Amino acid sequence: MARRITLGKSLAASAWLGLLTPALSAQTISVLASDPVGISRSGAGVAYGKSLEAAALNPALLPTLEGRFQFYLAAGQELESAQVSLQSSQRTVYSTDRNRFVPAFGLAWKMGNSIGLGLKLDTPFLRHIRLNSETPVRFLGDELDLKAQRMEFQIGFAPRNNFSVGLGVGFVKINTASGVSLRGLIPQDATRGASSTNPTEGVFEQRVSQKGSATAPTFSTGFRWAIGPRWTLGGAYQSTIRGTATQEARFADDPYSVYLNDGNSSPTTVLAAKAGTVLSLSRAVAGSDKVALPSRASIGLRQRVNQVFTWEADLRYLQGTQFEFPSHPSMITPSGAVRVPRPTSSFNNSVGLSLMGELKLSKSWVVRGGASMDQGLRKEEDVEPLLGGQRNAGFSIGFGWQVAGGELNFGYQFRQSQDQDPVNLVGDWGSTGYSSRPNTTRVEGMGHVFAIGFKKIF
């Protein structure tokens, strides 16, 4: 009988790890975890007691921690890549500005058996992309950067051994940046605006960029209920983050381009000189300054099957309709204001699911695996490469090794969003303005995130 049980456990563990092999995953503005343990669990853990990394997701878990004091320190790297393919020409443009450093930190101090204090540093939102000047969608935006780093003080209280609640209060530093290519008119007399007596001879194209930052308050709450010796139910809520990121706009260093009135033909040398005059009389104008990052509610069920294997499933709800990002910059020319021809579409709310399993191989080694899936935040026709919004999924793996009196952890996730084929991302821009040109454009995205960290319990 013992042999059958051992064999069954091994087969179950192998089946779980087999789920990790497909190269599918997600790329979205929301980051489920920043530390290696959370990454390897695909963000699941709101009900996972005795884990400082899980307490970063749910402060109600602080009273369950072992020891009087413990901490972890981690460093990670996040990579995002997107590609845009125009069906008519079969030409593909790849994004740049792919890498970001992602630090994580957590500590906890237990004051008796019923109260735990905590402090965490993580990155709940992250998105970055830059498309070159040849991308067919540059008039709707060619650069975006969003990074939110959160510092939060936490407290957890357990009025009973099987039940606890928690609260976290802190602040978030938000950095934003965006860019777009715009076209302005070149009149016959470049020192004056275009009119019936000063006809347009061509258009010039100039990149405009902006950046800003904001600090905003945030809070989180949670609960934990140990239903029985092996089952635990947990829930957590992360508040909406709202701030004012005052933008500073400027003309990018990229050289400007000049075209005739049709927006495609090459100009004369004289027209190029007039474009320089118009540009010298123009100025960049920043977009809106409001930024809002959506709230997230999660509920999870954890089962400790035995001393070797534990699993958890978390269901989450992201209120995407709350998301707001500063609008793209514009420019003022002698002929008037020039803005992005189409405003950014809004986001929708979405439901996501994370699954994780943790297998303890020995006293020194533990392996972890996870998978996640989220609904799309936008309709297919509204998807574009900068903010994405497609349906996505993710798979991850990691391990922990007891060494040097603590635990060394590593987590990795490969990510990829669902391919979409919107038909309204390409357009022509001549002297009469911008006009959309129906053309199927494939938007694809992928990424990786990995981290390594060390945890110690005193």
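Residues numbered from 1 in each chain as written. Predicted model: local features only at pLDDT ≥ 70, side-chain atom pairs only at ≥ 80, totals over all residues. Heavy atoms only, no water.

**Observations regarding the pattern of salt bridges**
Selection criterion: One side-chain nitrogen of Lys or Arg within 4 Å of one carboxyl oxygen of Asp or Glu is enough to make a salt bridge. A run of DSSP states H or I qualifies as a helix once it reaches four residues; a run of E qualifies as a strand once it reaches two. Both are numbered from the N-terminal end. Residue burial is assigned from relative accessible area. The probe radius is 1.4 Å, only protein chains are included, and a residue is buried under 20% of its type maximum, exposed over 50%, and partly exposed in between.
All told, the structure shown has 26 salt bridges when counted by the stated rule. In this structure, Arg41 and Glu358 form a salt bridge, with 2.9 Å as the shortest nitrogen-oxygen distance. On the criterion of sequence distance, the pair formed by Arg41 in the loop between helix H2 (36–40) and helix H3 (52–55) and Glu358 in strand S18 (residues 350–360) is long-range, its members being 317 residues apart. On the basis of relative accessibility, which here comes to 3%, the residue Arg41 falls in the buried class.

**Notes on the packing of aromatic side chains**
Threshold: Only centres within 6.5 Å qualify two rings of Phe, Tyr or Trp (six-membered ring in Trp) as a pair; their planes then separate them into stacked at under 30 degrees, edge-to-face at over 60, and tilted for everything else. Cation placement over rings: the criterion is NZ of Lys or CZ of Arg within 6 Å of the ring centroid and within 35° of the ring normal.
In this structure the tally under the stated criterion is 11 aromatic pairs. Here the aromatic rings of Phe139 and Trp429 are separated by 5.3 Å at their centres, their planes lie at 75°, and the arrangement is edge-to-face. Separated by 290 residues along the polypeptide, Phe139 in the loop between strand S4 (115–130) and strand S5 (143–160) and Trp429 in strand S22 (residues 427–430) bring together distant segments of the chain. The ring of Tyr48 has Arg41 sitting right over it, with the charged end atom 4.1 Å from the ring centre. The ring of Tyr48 is capped by Arg304, whose NZ or CZ atom sits 5.9 Å from the centre of that ring.

**Looking at the sheet that holds strand S12 (residues 283–285)**
Paired through backbone hydrogen bonds, the strands of a sheet run either parallel or antiparallel to each other. We count it as follows: In this scheme, strands are said to pair when DSSP sees at least two bridges between them. Lines are fitted to the C-alpha atoms to define the axes, a helix being fitted only along its stretch in contact, and any angle between axes, read from their N-to-C directions, falls within 0 to 180 degrees.
An order of S12-S16-S17 is seen for the 3 strands of this open sheet, with the pairing classed as antiparallel. A strand with exactly one partner marks an edge of an open sheet, and here the two such strands are S12 and strand S17 (336–338). Averaged over neighbouring strand pairs, the angle between their axes works out to 30° when direction is ignored. Across 3 bridges, the pairing between S12 and strand S16 (residues 330–333) is antiparallel. Paired with Ala284 across the strands is Met331, a residue of S16.

**A few points about unusual backbone geometry**
With the exception of glycine, the majority of residues adopt a negative phi angle, and the majority of peptide bonds are in the trans configuration. Residue Ser42 is not a glycine yet carries a positive backbone phi of 55°. Position of Ser42 relative to the elements: it lies in the loop between H2 and H3. The class of Ser42 is buried, set by a relative accessible area of 2%.

**Brief notes about the nonpolar core**
Put simply, the rule is: As used here, the term nonpolar core means buried Ala, Val, Leu, Ile, Met, Phe, Trp, Tyr and Cys residues forming a set that is joined through side-chain atoms within 4.5 Å. Two residues qualify as a contact provided that any one of their heavy atoms is within 4.5 Å of a heavy atom in the partner residue.
By size, the foremost hydrophobic cluster in this structure holds 29 residues, and its most contacted members are Leu144, Leu146, Ile174, Ile241, Leu293 and Phe323. Secondary-structure elements contributing two or more residues to this core are strand S1 (69–86), S4, S5, strand S6 (163–187), strand S7 (200–226) and strand S13 (290–293). Counting residues per element, this core draws most heavily on S5, which supplies 3 residues. Each residue touching Leu146, except ones within four places of it in the same chain, is listed here: Phe125, Leu126, Arg127, Ile174, Asn175, Thr176, Leu293, Phe323 and Phe325. Phe139, Leu182, Val208 and Leu279 belong to the second-largest nonpolar core, a separate cluster that totals 15 residues.

**Describing the layout of surface pockets**
Under the convention used in this document: A cavity here means a set of points on a 1 Å grid, drawn over the protein atoms and nothing else, where a 1.4 Å probe fits but cannot get out; a pocket is an open set with protein on both sides within 12 Å along at least five of seven lines, and a residue lines either one if it has an atom within 4 Å of a point. Grid points are joined across faces, edges and corners, and a volume is the space filled by probe spheres set on the points. Gly is put with the polar residues, along with every residue not named as nonpolar or charged; the nonpolar set is Ala, Val, Leu, Ile, Met, Phe, Trp, Tyr, Cys and Pro, and the charged set is Asp, Glu, Lys and Arg.
For the largest pocket, the calculated volume is near 740 Å³. As for the largest pocket, its lining consists of 33 residues, of which Lys50, Glu66, Glu358, Lys360 and Glu407 are closest to the centre. At the level of elements, H3, strand S15 (309–318), S18, strand S19 (365–374), strand S20 (392–403), strand S21 (406–420) and strand S24 (441–457) are the ones that each hand at least two residues to the lining of the largest pocket. Looking at side-chain class alone, the lining of the largest pocket contains 9 nonpolar, 12 polar and 12 charged residues. Approximately 590 Å³ is the volume found for the second largest pocket. Lining the second largest pocket are 32 residues, and of these His328, Arg342, Pro343, Thr344 and Ser345 sit closest to its centre. Residues of the lining of the second largest pocket, tallied by class, amount to 15 nonpolar, 11 polar and 6 charged.

**Overview of the environment of Pro59**
Of note, Pro59 is situated in the loop between H3 and S1. On the basis of relative accessibility, which here comes to 1%, the residue Pro59 falls in the buried class. For Pro59 and Gln154, which are 95 residues apart along the polypeptide, the C-alpha to C-alpha distance reads 6.0 Å.

**Quick notes on the environment of Asp314**
Here is the rule we go by: Between N or O atoms, a polar contact is any pair within 3.5 Å; within protein, one atom must be a potential hydrogen donor and the other a potential acceptor, and residues adjacent in sequence are included only when both atoms are from side chains.
Within the secondary structure layout, Asp314 lies in strand S15. Counting along the chain gives 38 residues from Asp314 to Gly352, while the straight-line C-alpha distance between them is 8.3 Å. Not counting the four nearest positions on each side in its chain, Asp314 is found in contact with Gly43, Ala44, Gly45, Val46, Ile299, Gly300, Leu301, Gly352, Leu353 and Ser354. Polar contacts involving the side chain of Asp314 include one to the main-chain amide nitrogen of Gly45, which spans 2.8 Å.

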